[in-house]
Each structure stands twice: as C-alpha cells, then as structure tokens.
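# Structure at a glance
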Amino acid sequence: MATGTAILRVPKEAQKGQVIRVQMVITHPMTPTRRDPQTGQETPGHFLTKLQLFHNDQLVSEMNMAAGISANPFIALPLKAEGSGVIKIAYEDNKGGKWEKTAEITVK
Amino acid sequence: MRKTLFLGLLAIGLVGISTAQQKKQPTKKEARVKPEEVRQVLLSGFEQDPKFLWKIEQDESQRICSQYPSMEAMPPKAVQKVIELENKNIVYPQWGIAWGDWKEGKKLVESARGGRFASYGFSDKFTDKGGNCYACHLIEKGVPGGTMGPSLTAYGKRYGITKENMNTPEGLERLKMVYKIVYNAWHAYPCSSMPRFGYHGALSPEDVMNIATYLLHPESPVNK
Amino acid sequence: MRKILLTSAVFGLACAGFLGYQTVKAQDQELSPEEEIRLVQEFNRMMAEGINPGEIWAEMGKEAFKKYNLDKCDFGLGPGKVEGALAQLPRYFPDAKRVMDLETRIGWCLQQYAGMTPEQVKKFATQCWGKSQCMGEYDAIVMYVSMASNGQKFSVNLNDPQVKRMYEIGKQIYYARIGPWDFNCATCHAGQKEARIRATKLWSADRPGEAGQAVSIFPKYLVRWSQPMTMHYRYAECIRQMRWPTFEPHSDLAVAISAFLYGTANGTEIKVPGIGR
C-alpha cells in the first residue's frame, strides 16, 4: 500500500451518547529532518502534519503531528456517538500529500 | 534319522524367517537420522561462497559438545577429553604475561562487531573486531548486560587485585588465569556457551591481554 | 563452655557473611537494566492493544495473492485455501517431493504458477531484508496467509515419517556447535535457566510453551524497522549473529528448523502479527 493509505476502524453500532474509539493506522515513513553533523547538509524529512476527524462533515477533533511520532502511526481518538452517519478522517503531510478516509456508523 | 534331520532343518528355516521378519520392523535405531543427512541439510542452507564454507567444519571438541544438550549432561570422560584438547590450544602474547592496556580492552569488550557476513547488507568489515561481552555478562555497574554468563562487576576488586600486589607472582597468576579463560573458555569450562575467542582468531593474544587487564586492573572502570 | 561460644560465634559470622553475599548478589539484579526491561514489557503490552501496523501488509497481501496466481497454490488443505494453512505446516508435499514450511511453499508456488525462476524467487523473498519501511509484496503475502489462521492451534503432524525426519534433523542442528564462535541455536534458546541477552529476555525450547509463544506471532511487526519480519528473515538474522555463513531462504535448513520449532509449538494458539522492538 502506498504512503498515505490508512486502515480505519470504528464500531459498526453504538448507543447514543456512548464514547467510542476511532482507531486508525496510517502508512507513513515519518522521517525527521536530519542535518549531517560533519557537512552541515540537511536532508528534509517526510512526516504527517495534521489530522482532522469529522462526524457527518462536522469537525470534531484536530491533531497536529510532527516527526517525533514513529512510522506507520497507530492513532485512537475518542468520539461521542451522537447520530448515525459517516466518520471521516482527513490528513496531510509536509510534502503536500492530502488524503481522506471514511467509515460508516449506526447509532441507536 | 531322516525325520530328525528334516525337523531340524525346518526349525532352522523357521528361525531364519522369523529373524528376517524382525529386521523389516523399523527399530528405534533406524528412526534416528544419520550425520551425513544432517550435514547435507546444513550445507543446503547456506550461500555457496567458498570464502565462508570453511566455517561449518566442526573440530573435535565441537563434535563432542554437539552430542550433549548441556555441560551438566556430559559424562566425565567427555569433559576430560575436551579439557585435555583445549589446554593444548592456548597461545600467550609475544612478551608473555604482563599487564596490557585497559582502554583498548574496554573498546573490545563494548564492540559487537566482527565476524558477521551477509550478502544483504549488515556485514562487518574484515577489520572489525570485538567480543560483544555485554551480550552475556554484566561488567560495569549500571550498564545493561546479559545474564547468560556470570556477572563480572568489580571483578578485579573481588579478587583483591591492588596497585601493590598486581605485579607480584600471585597477581600475575590471576592475570594469566583470566587470560586463559577469555582466550579459550573451554579449557576450564568445556562446552560452555562462551566462544573460544583466541583459539578461533576472533581476538589476537594482545587483544585478549587487554581485555583481561580491563577486568582486573585497579584503575579500570570495572573496579571503580 | 568456651568451645560452644566460639563455635556459635564462628557459625553466626558465617551466616552473616552468607546473607551479606546474597544481598550483594541481589543488588546486582536491581541495576537499572531491570527497570529498562520492565519499561520495554510495558511498551509491548500497550502495543498489543489497537491495530497492529502489520495489518497494512495483510491488506497488500490479499491483492498480491491474486496477482501472483497463488489461489491455485495448495498449502495442504486444497488450492487457494488459506484458513488453517499455517497451523498444519510444515508438511510433506508429494507434488514437490519435499517437506515444506509456509515460506518454502509460497516460493515453490511462485515458481509453478507465477513463472518465476528460483533466482527471481530468492530476490523477491529477500527484497526487504536490510531495509526499513519496505512495502514488500512477499512479506505481504506471508502476512496475509499467516493471519488467515488466527485463533487456530498449531497441529504439525509429527507422525508423518518425512516430517518427523526433518524435525529430528532440525533438532540436531539446533544443538550442534558450529562456526568460528562455537554458537548454535541452543546457546541462547535452550536450557532451564532464565537468561537474557543484553536487555532482552530469551525464550527456551527446553522450557515448555515458550517456543510456541515465540513462533505463534510471526510475521512480527518490528517498530525499529517499521516493517514485518518473517520467519526466514528471522533465521537469516540469527544465523548472521551466530557468525555462520549467509543463510539461503527456502532451503532444507529452513524447513528443518521450522519443523523443529513448529513441532515443539504444537498446541499454541496463533496470534499473528506480533509486535516488538
């Protein structure tokens, strides 16, 4: 799978008001920007910078990331299940990559 | 007369047939695998680079040790044989038993490099060398080490080596003992997990003396 | 009277000395390495919750499986059937006339159904060795097939004489001292005494259940290389550390070691992928 693809898992069903865990793993090398101590030459890093969580197109959580997070990060965000619909994650990295992924949830 | 002869031949014939039948049953001995089969499988598992195939020839002591799963399972005769063989395999440095340089010894003790070759990267250079001692031993206080071998913390201090007595015959005798263990551990502990560094040439006699100095010298960080 | 006092004094001193020695020995155990190890174990426990990043490779593997025509490959339960395949391997395959473990079988099927030569198969299998964050299709296929047996228990058929023969050969090699550092698998992974190499605990084939716990989580996702490690890669790395010559994947040596390890692991539940440092 290419860099930027993700596995997104949410419970299929939830009770109204229940706090669920939105779990995801994003394929990404998360390499930091390095400077060679001898030559001073800088190798730019490649890492995710922002992650947003939407519930039915309403922004619920926003997370800023940097190179300190390890490769292929596993992220779990809490979400209060208010209504059925679509949970969407949108994320971008420092080289201009932008991706989205959705999953459906039914709330009783 | 003829009847007895006939009955006798019949008896011999029946015994002969029954023994032949017994041979057809797989005995416990046949279920074991032959050393040639094991060697063939082993050879098939390595890249056929002639630079490294010498590595898999077992010497006499290795062959003896391979027959027993541990030191404790060995019969006294085998233990004696290995000790006898290995005591012949110790070489001392050019200038004999004299204290070496513990700083060099420290570098060798901490280095995990030397002897590892793989065609997919992660190979050591031919000039790399080291004992990788921390894999199995605890040596300096506070440095993570393994527990496969005995702890060597404050080794020189434990044996009472001080600046005053290090150059006496007793002090040098202790140095010689430690030198022998690091050079060829099997001369005292047959079939131990510890490699025979000096015997195999992984470390030169001078390297081994430096390591022994690092362990015993009163100025060495091991004993501070 | 004096004699009794003297003897009891000497005895008391000896006891004190003995207890003192024990305390000093125990203090050796309370060095910071123990703390470090506890933190590593806590880290491993936390990593076991949630999604294992190795599942990315399992998703890749599902597509690669079809791409290389492996739905024609018989792992012992019928062509293309992967559920339970890992649990009964290694086994004897009459079409190849060899005992094979999972990776050897995949290598053989790649030659039969994807038109690869043995050199191409070796290159395909080792494309991620020595790298990190390598999205290898071979690792993906192994991950996909292994995960399909999750929840089942290892049941290698040791009554089959061919498998038993490989098990015995594997066992002999496991305990045979070879090479310029006199190492073998048993140097680290045998014996009754619990030991560790630097800060990592070692499992032992002689202590019941431990070999099973070690192999039931392979392929294992390694955080330090951000990619999974398959069994044959693990053998190659161990063999490199033992100062033996370079390991050849999919060889009879691999099958022998697999037969011994998986045979010892019989009865352990499969929980792929594992995660570790």
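Residues numbered from 1 in each chain as written. Chains lettered and ligands numbered in written order. Predicted model: local features only at pLDDT ≥ 70, side-chain atom pairs only at ≥ 80, totals over all residues.

## Some points on helix α4 (residues 102–113) of chain C
All names here are of chain C. How we decide: The helix count covers DSSP runs of H or I at least four residues long, the strand count covers runs of E at least two residues long, and both are numbered beginning at the N terminus. A helix is expected to reach a length of 1.5 Å times the quantity of its residues less one. Put simply, a residue is buried when 20 or more other C-beta atoms lie within 10 Å of its own C-beta and exposed when 12 or fewer do; between those, it is partly exposed, and each C-beta is set from the backbone. Residues are scored as being in contact if the C-beta atoms we place from backbone atoms lie within 7 Å.
Helix length check: α4 (12 residues) gives 16 Å between terminal C-alpha atoms against 16 Å at 1.5 Å per residue, within 8%. Taken together, the buried positions of α4 are L102, E103, T104, R105, I106, G107, C109 and L110. In this fold, the buried residues of α4 make contact with β1 (91–93), β2 (98–100), α5 (118–125), α6 (137–147), α10 (231–241) and α11 (252–264). G115 lies just past α4 and shows a positive phi near 65°.

## Quick word on the domain arrangement of chain B
Applied cut-off: Each domain span listed reflects an automatic or database assignment of domains. As a working rule, the residues Ala, Val, Leu, Ile, Met, Phe, Trp, Tyr, Cys and Pro are called nonpolar, Asp, Glu, Lys and Arg charged, and the rest polar, with Gly in that last group.
Taken domain by domain, chain B comprises domain 1 (2–70) and domain 2 (102–223). Its residues assigned to classes, the side of domain 1 of chain B that touches domain 2 of chain B comprises 3 nonpolar, 1 polar and 1 charged.

## Comments concerning the interface of chain A and chain C
A common way to state how big an interface is: give the accessible area lost once the parts meet. Tallying the contact residues gives 12 residues for chain A and 11 residues for chain C. When residues of the side of chain A that touches chain C are traced back to their parent elements, those giving at least two are β1 (6–9), β3 (19–26) and β8 (74–80) of chain A. Of the residues belonging to the side of chain A that touches chain C, the class tally is 7 nonpolar, 4 polar and 1 charged.

## Details of the sheet that holds strand β6 (residues 48–55) of chain A
Residues and elements named next belong to chain A. Inclusion rule: By definition, two strands form a pair when at least two bridges between them are found by DSSP.
With mixed pairing, the 5 strands of this open sheet are ordered in space as β2-β10-β9-β6-β7. Edge positions in the open sheet fall to β2 (13–14) and β7 (58–64), since each of these has one partner strand only. Relative to strand β9 (residues 85–93), β6 runs antiparallel, the two sharing 7 bridges. Bridging from a neighbouring strand, Q52 pairs with A90 of β9.

## A closer look at the confidence of the model for chain B
Residue and element names in this part refer to chain B. Here is the rule: As a per-residue measure, pLDDT reflects the predictor's confidence and takes values from 0 up to 100.
Here chain B averages 86 in pLDDT, and 87% of its residues register 70 or above. Of the regions scoring below 50 in pLDDT, residues 19–30 engages in 1 contact with residues more than four places distant in sequence or in other chains. For this predicted complex, the interface confidence score (ipTM) comes to 0.87, while the overall pTM stands at 0.84.

## Quick look at the interface of chain B and chain C
Chain B puts 46 residues into the contact, and the matching count from chain C is 45 residues. For the side of chain B that touches chain C, the secondary-structure elements that each account for two or more residues are α3 (35–44) and α4 (60–66) of chain B. The element that contributes the greatest number of residues to the side of chain B that touches chain C is α3 of chain B, accounting for 5 residues.

## Re the sheet that holds strand β5 (residues 220–222) of chain C
Two modes of strand pairing occur in sheets, parallel and antiparallel, and in both the strands are linked by backbone hydrogen bonds. Residue and element names in this part refer to chain C. Rules: Axis definition: a line fit to C-alpha positions, over the contact stretch in the case of helices; interaxial angles, taken between N-to-C directions, run 0 to 180 degrees.
Taken together, the 3 strands give an open sheet; going across it, the order is β6-β5-β7, and neighbouring strands pair in mixed fashion. Each having just a single partner strand, β6 (227–229) and β7 (274–276) make up the two edges of the open sheet. For this sheet, the mean inter-axis angle between neighbouring strands, taken without regard to orientation, is 35°. Sheet topology note: the β5/β6 ladder contains 3 bridges and is antiparallel. In the strand pairing of β6, Y221 is matched with P228.

## Some remarks on the packing of helix α3 (residues 55–67) of chain C against α6 of chain C
When two helices pack together, their arrangement is given by the angle between the helix axes and the distance between those axes. Residues and elements named next belong to chain C. How we decide: Our angle categories are set so that under 35 degrees counts as roughly parallel, over 145 as roughly antiparallel, 65 to 115 as roughly perpendicular, and the remainder as oblique.
It is the contact of α3 with α6, at a shortest axis distance of 7 Å, that shows an interaxial angle of 100°. Here α6 runs roughly perpendicular to α3, going by the angle between their axes. From α3, W57, A58, M60, G61, K62, A64 and F65 reach across to α6, where they touch E137, D139, A140, I141, M143, Y144 and M147. The class makeup of the residues in the contact of α3 with α6 is 10 nonpolar, 1 polar and 3 charged.

## With respect to the environment of K88 of chain A
Residues and elements named next belong to chain A. Along the chain, K88 falls in strand β9. Each C-alpha atom, one on K88 and one on E104, is 8.7 Å from the other, the two residues being 16 residues apart in sequence. For K88, the residues in contact, after removing those within four places along its chain, are F54, E100 and T102.

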